[in-house]
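Observations on the three-dimensional arrangement
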Amino acid sequence: MAGKSSEAPKHSNRLSLERSPYLRQHANNPVQWFPWGDEAIELARREGKLIFLSVGYSTCHWCHVMERESFENENIAKVMNEHYINIKVDREERPDIDKVYMAFVQASCGGGGWPMSVFLTPDLTPVLGGTYYPPEDMHGRPGFKSVLLSVAKSWKDNRQKCNNTGNRIMEILRQTTVLEIPIAAQLITGVPPLEECAPQCYEKLVQIFESRFGGFGHAPKFPQPSIFTFLFYFYSRDPSSVKGKKALDMCLYSLRMMARGGIHDHIGQGFARYSTDTKWHVPHFEKMLYDQGQLAVAYCDAFLATNNNIYADVVRGILSYVERDLSDESGGFYSAEDADSLPTHSSTEKKEGAFYVWTYDEVHDILNTPIEGCPAGSGGKEITNGDIFCFHYNVKPGGNVNPSSDPHGELVNQNVLIMFGSEEQSAQHFLLPKEKIQEILQESREKLFEVRGRRPRPHLDDKMLTSWNALMISGFAKAAQALGDDKYAERAVKAACFVKKHLYDAVSNRLLRSCYRGDNGGVIQTTSPIPGFLDDYAFLVQALLDLYEATFDTNWLEWAVQLQEVQDELFWDEGSAAYFTSPNTDQTVIMRMKEDQDGAEPSGNTVSTWNLLRLSALLEQPAHRERAERLLAIFTSRLTSLPHALPGLAAALMLYHDSHTQVFVTGQKSDPDTEALVATARRRLLPGRVLALADGNLESVLYRKSEVFRRLRPQGGRAAAYVCKHHACSLPVTSPEDLDKLLQPK
């Protein structure tokens, strides 16, 4: 980890040969770590040892804590090396391994998280699992060293019992998570009725909505973008109804409170992964690319629903942060920034949030400009820009962090910026015009940004993942449409070109999972590249469809069609429907899983359902819709019993029953009449909309595959728009006003 001595390391292990930033962080531990692979597994079998599997990611705070306390401890490392073959896995590189063993941990422990710690037999069956372990016994809880010795003794004394324990739980998982059963007749006669899913999902979200600070559930609070996907769709179906308005209100209030909270970086923009408290105040400070991409889309939807620039400004801030801090020169996006960093350049120990927090005195030392003529001064005290900033962002002399959100005391006397009031309230307090307050706050943020830039930066995970790059491409493409700004489309195109160059094998038409920034700044690949997983294909197909709608370049649509075919070939389960998360090419993965739960990221099956329905609507391909139907059917039980656990899939079910709103515009892309019609279609929140341009290019995939497209014509020499739904199209219209009327909710 950064911040350690620059002297030659005392220890080195096989992780020094890896490219993953997370694995390389552990390359100088005294633990003899192996990467996941045949070498380590064969060694465990040959020596008859258990495997200790540790799974995490480079920006994980508690992963750093366990490394510092246990994996750098010579005594603990000695026990690990003597009794175990020790394997490190970057969960972002190998989500297939992470998901299998996380399912075991959750089933056996009732919860999960990272770092994930699992003990495996040499045949890779888990026997015991957990997350973070303290190094020594405390408060009646066994420490990591005690667990290591206890499990090793159990393995030595009774191997059969260890094997039986793991096998029993894994069999239950196979039956409940893999869905390896023939589909019963009732499952393939149709998808779940809408009335058994959407209303129930809505009511549950109303029930768990946190009305004071927004969001869903209690601390820790995650953004959960898939919930916004569902609620925006639910609202758009009936925007004038009480329930529709409530759905919109829950979205908007949550997004506003998140934007005002400490989870939002008010100085450098972007969002942290989650809040440790109910108020969105004190986050775990790591910033993940997948959050930025999904939240950009959510705030775009909020802007389209309201035309309120508050939401558009948040979108611009997210994209500015990503372009500045998470972008590779070649066009790709890096994965994350760490929560921990050195407080000063002379510090030797990292602290969580050190890059982002401020003391009261520090803010006043930097922001010490008197506000001339400010009437709020009293007792002869001049009001400074620091006074206004501290009032607006709740900066306190003794810090503003509740000790319950600071278990290690790293944030004592520190302030995490948060807005409990508004610019209007600050203006009233200081008796200044709102515009003056806005000017002062903007100048103050810029000064603090400059000062913060001189601090030691958090670790950057410069791994580039196909799936997360795809989510960010969608964010830029959606912003280009919602905000009418072509520079965002250009950035999305640059990223898509990067993926095609560095994360795609054109010969086999296969995606790769990851690539890396080399030591010289170039983009490099490992000697044995990791094949793409379901999420890589599904998220990229979605991104390419979004990019087509933002640019009308049919090459992106063509590639999406090709990748969908490959995805179907590699991951679709012909026996019982739906997509496996991983291909069947790696024999070290003991179970191919099928996921439906929408968590921090949507599931690959959820995104695939949307993609199949969109492709069906664009290209008149019934096979895509039929596949989506089978996919929805296989998850009937979960959709009707726990729809709030898969809100993105519940939204796809609504789309399946509703049908897309197809907006087809005829004309040349650069023609002003065409541009006006396209802009009108993009200005409305229509979650089930597909937008396509009929420009007369008969070679494009649209004309080759869609008979409807081949019949579309301009009207009287002018661009025209056709609005189609449920296999019926309106008469063509040529004015933006008439198109807007057709797109209004009925």
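Please read all numbers here as calculations on a predicted model, not as lab measurements. (Residues numbered from 1 in each chain as written. Predicted model: local features only at pLDDT ≥ 70, side-chain atom pairs only at ≥ 80, totals over all residues. Heavy atoms only, no water.)

**Things to note about the overall build of the protein**
Helix and strand counts for the protein stand at 28 helices and 21 strands. Relative to a compact globule of 746 residues, whose C-alpha radius of gyration would be 27 Å, the protein shows 27 Å and is just as compact. The principal-axis extents of the C-alpha atoms in the protein amount to approximately 85 × 80 × 50 Å. Taking contacts inside the protein between residues at least 6 apart in sequence as the whole, the part at least 24 apart equals 69%. On the protein, roughly 30,100 Å² of surface is accessible, and the fraction owed to carbon and sulfur atoms is 49%. Charged side chains of the protein number 79 positive and 94 negative; the gap between the two group centres comes to 2 Å. (Helix = DSSP H or I, 4+ residues; strand = E, 2+ residues; numbered from the N terminus. Rg over C-alpha atoms; globule rule 2.2 N^0.38 Å. Contact = heavy atoms within 4.5 Å. Areas by Shrake-Rupley, 256 points an atom, 1.4 Å probe, with all protein chains shown as cover. Lys, Arg positive; Asp, Glu negative; His and termini not counted. Charge placed at Lys NZ, Arg CZ, Asp CG, Glu CD.)

**Some remarks on empty space enclosed by the protein**
Tallied over the entire structure, the rule returns 5 cavities of 30 Å³ or more. There is about 760 Å³ of room inside the largest cavity. Forming the boundary of the largest cavity are 36 residues, of which Thr 229, Val 297, Asp 301, Lys 478 and Gln 542 lie nearest the centre. Only helix H9 (225–237), helix H11 (289–306), helix H17 (466–483), helix H19 (534–551), helix H21 (604–619) and helix H24 (647–658) provide two or more residues apiece to the lining of the largest cavity. With 7 residues, H11 is the single largest residue contributor to the lining of the largest cavity. Looking at the lining of the largest cavity residue by residue, the classes come out as 17 nonpolar, 11 polar and 8 charged. When residues of the lining of the largest cavity are assigned to domains, at least three fall in each of domain 2 (223–338 + 461–658) and domain 4 (662–743). For the second largest cavity, the calculated volume is near 160 Å³. Lining the second largest cavity are 18 residues; nearest its centre among them are Gly 262, His 264, Asp 265, Phe 285 and Tyr 356. (1 Å grid on protein atoms, 1.4 Å probe; cavity = no way out; pocket = protein on both sides within 12 Å on 5 of 7 lines; lining within 4 Å. Points joined across faces, edges and corners; volume = space filled by probe spheres on them. Nonpolar A, V, L, I, M, F, W, Y, C, P; charged D, E, K, R; others polar. Domains from an automatic or database assignment.)

**A short note on the domain arrangement of the protein**
If you check the domain split of the protein, you get domain 1 (14–178), domain 2 (223–338 + 461–658), domain 3 (356–453) and domain 4 (662–743). Put simply, the middle of domain 1 and the middle of domain 3, counted by C-alpha atoms, are 45 Å apart.

**Quick notes on helix H25 (residues 672–682)**
The set of residues buried in H25 consists of Thr 674, Leu 677, Val 678, Thr 680, Ala 681 and Arg 682. At the N-terminal end of H25, a side-chain oxygen is found 2.7 Å from the backbone nitrogen of Asp 673, two or three residues along, and the residue is Asp 671. (Buried < 20%, exposed > 50% of the residue type's maximum accessible area, 1.4 Å probe, protein only. Polar contact = N/O pair within 3.5 Å; in protein donor to acceptor, adjacent residues only side chain to side chain.)

**Focus on the UniProt feature "domain: Spermatogenesis-associated protein 20-like TRX" (unreviewed entry) in the protein**
Under the UniProt annotation, "domain: Spermatogenesis-associated protein 20-like TRX" (unreviewed entry) lies at residues 13–173. The annotated region residues 13–173 carries 50% helix and 17% strand content, and the separation between its end C-alpha atoms amounts to 34 Å. (UniProt positions renumbered as here; feature names shortened; annotations may be inferred.)

**Regarding the sheet that holds strand E13 (residues 463–465)**
If you trace the 3 strands from one edge of the open sheet to the other, you get E13-E16-E17, paired in antiparallel fashion. Each edge of the open sheet carries a strand with a single partner, namely E13 and strand E17 (523–524). Summarising the sheet, E13 and strand E16 (residues 514–517) pair through 3 bridges and their orientation is antiparallel. Directly across from Lys 463, in E16, lies its bridge partner Tyr 516. (Pairing = 2+ DSSP bridges.)

**What about the layout of surface pockets?**
Space inside the second largest pocket adds up to approximately 950 Å³. Forming the boundary of the second largest pocket are 31 residues, of which Asp 313, Tyr 393, Met 419, Glu 423 and Arg 445 lie nearest the centre. Listing elements by their share of the lining of the second largest pocket, those giving two or more residues are helix H10 (242–260), helix H12 (309–325), helix H15 (423–430) and helix H16 (434–452). Tallied by class, the residues present in the lining of the second largest pocket amount to 8 nonpolar, 13 polar and 10 charged. Split by domain, the lining of the second largest pocket shows at least three residues from each of two domains, domain 2 (223–338 + 461–658) and domain 3 (356–453).

**Focus: the environment of Phe 333**
Tracing the chain through its elements places Phe 333 in the loop between H12 and strand E9 (336–337). Phe 333 sits in the buried class, given a relative accessible area of 0%. Sequence-distant contacts of Phe 333, that is, excluding residues within four places in its chain, are made with Leu 289, Val 322, Leu 326, Ser 327, Lys 463, Met 464, Asn 469, Met 472, Ile 473, Phe 476, Arg 491 and Ala 495.

**A look at the nonpolar core**
Grouped together as the largest cluster of nonpolar side chains are 185 residues, with contacts concentrated most on Phe 230, Leu 231 and Tyr 299. Among the elements that take part in this core, H19 stands out by supplying 12 residues, more than any other. Residues in contact with Phe 230, not counting those within four places in the same chain, are Ala 198, Cys 201, Tyr 202, Leu 205, Pro 647, Ala 650, Ala 651 and Met 654. With 29 residues, the next largest nonpolar core counts Ala 103, Leu 124, Ile 169 and Met 593 among its residues. (Core = buried A, V, L, I, M, F, W, Y, C linked by side-chain atoms within 4.5 Å.)

**Let's talk about the packing of H19 against H21**
Two elements in contact, H19 and H21, have axes separated by 9 Å at closest approach and are oriented at 40 degrees. Put simply, H19 runs oblique to H21. Taken as a pair, H19 and H21 cross one another with a handedness that is left-handed. Taken together, the residues of H21 that come into contact with H19 (itself represented by Leu 534, Asp 535, Ala 538, Phe 539, Val 541, Gln 542, Leu 545, Asp 546 and Glu 549) are Gly 604, Asn 605, Val 607, Ser 608, Asn 611, Arg 614, Leu 615 and Leu 618. Split into classes, the residues belonging to the contact of H19 with H21 amount to 8 nonpolar, 5 polar and 4 charged. (Axes fitted to C-alpha atoms, helices over the stretch in contact; angles between N-to-C directions. Parallel < 35°, antiparallel > 145°, perpendicular 65-115°, else oblique. Left-handed = near helix turned anticlockwise from the far one by under 90°.)

**Quick look at the state of the cysteines**
Enumeration over the complete set of coordinates arrives at 2 disulfides. The disulfide bridge from Cys 724 ends at Cys 729, spanning 2.0 Å between sulfur atoms. Here Cys 724 and Cys 729 share a disulfide; its torsion about the S-S bond, 100 degrees, makes the bridge right-handed. Overall, the relative accessible area of 45% leaves Cys 729 in the partly exposed class. Taking only the cysteines that form disulfides and numbering them from first to last, the protein has the pattern 1-2, 3-4. Cys 201 takes part in no disulfide bond, and the closest cysteine sulfur, belonging to Cys 197, lies 6.1 Å away. Among the cysteines around Cys 374, which has no disulfide bond, Cys 390 carries the closest sulfur, lying 14 Å off. (Disulfide = S-S within 2.5 Å.)

**Description of the packing of aromatic side chains**
Counted under the stated rule, the structure contains 32 aromatic pairs. Centre to centre, the rings of Trp 33 and Phe 52 are 6.3 Å apart; their planes meet at 35 degrees, and the pair counts as tilted. With Trp 33 in strand E1 (residues 33–35) and Phe 52 in strand E2 (residues 50–56), this pair connects stretches of sequence that are 19 residues apart. Measuring from centroid to centroid gives 4.6 Å for Phe 389 and Tyr 393, while their planes differ by 40 degrees, and the two rings are tilted. In this pair, the class of Phe 389 matches that of Tyr 393, namely buried. An aromatic cluster is built from Trp 33, Phe 52, Phe 71, Tyr 84, Phe 119, Tyr 133 and Phe 144, whose rings are joined through pairwise contacts. In this structure, Arg 455 is placed above the aromatic ring of Trp 358, and the distance from its NZ or CZ to the ring centre is 4.0 Å. Here the basic side chain of Arg 625 rests over the ring of Tyr 656, its NZ or CZ set 4.1 Å away from the ring centre. (Phe/Tyr/Trp six-rings, centres within 6.5 Å; stacked < 30°, edge-to-face > 60°. Lys NZ or Arg CZ within 6 Å of the ring centre and 35° of its normal.)

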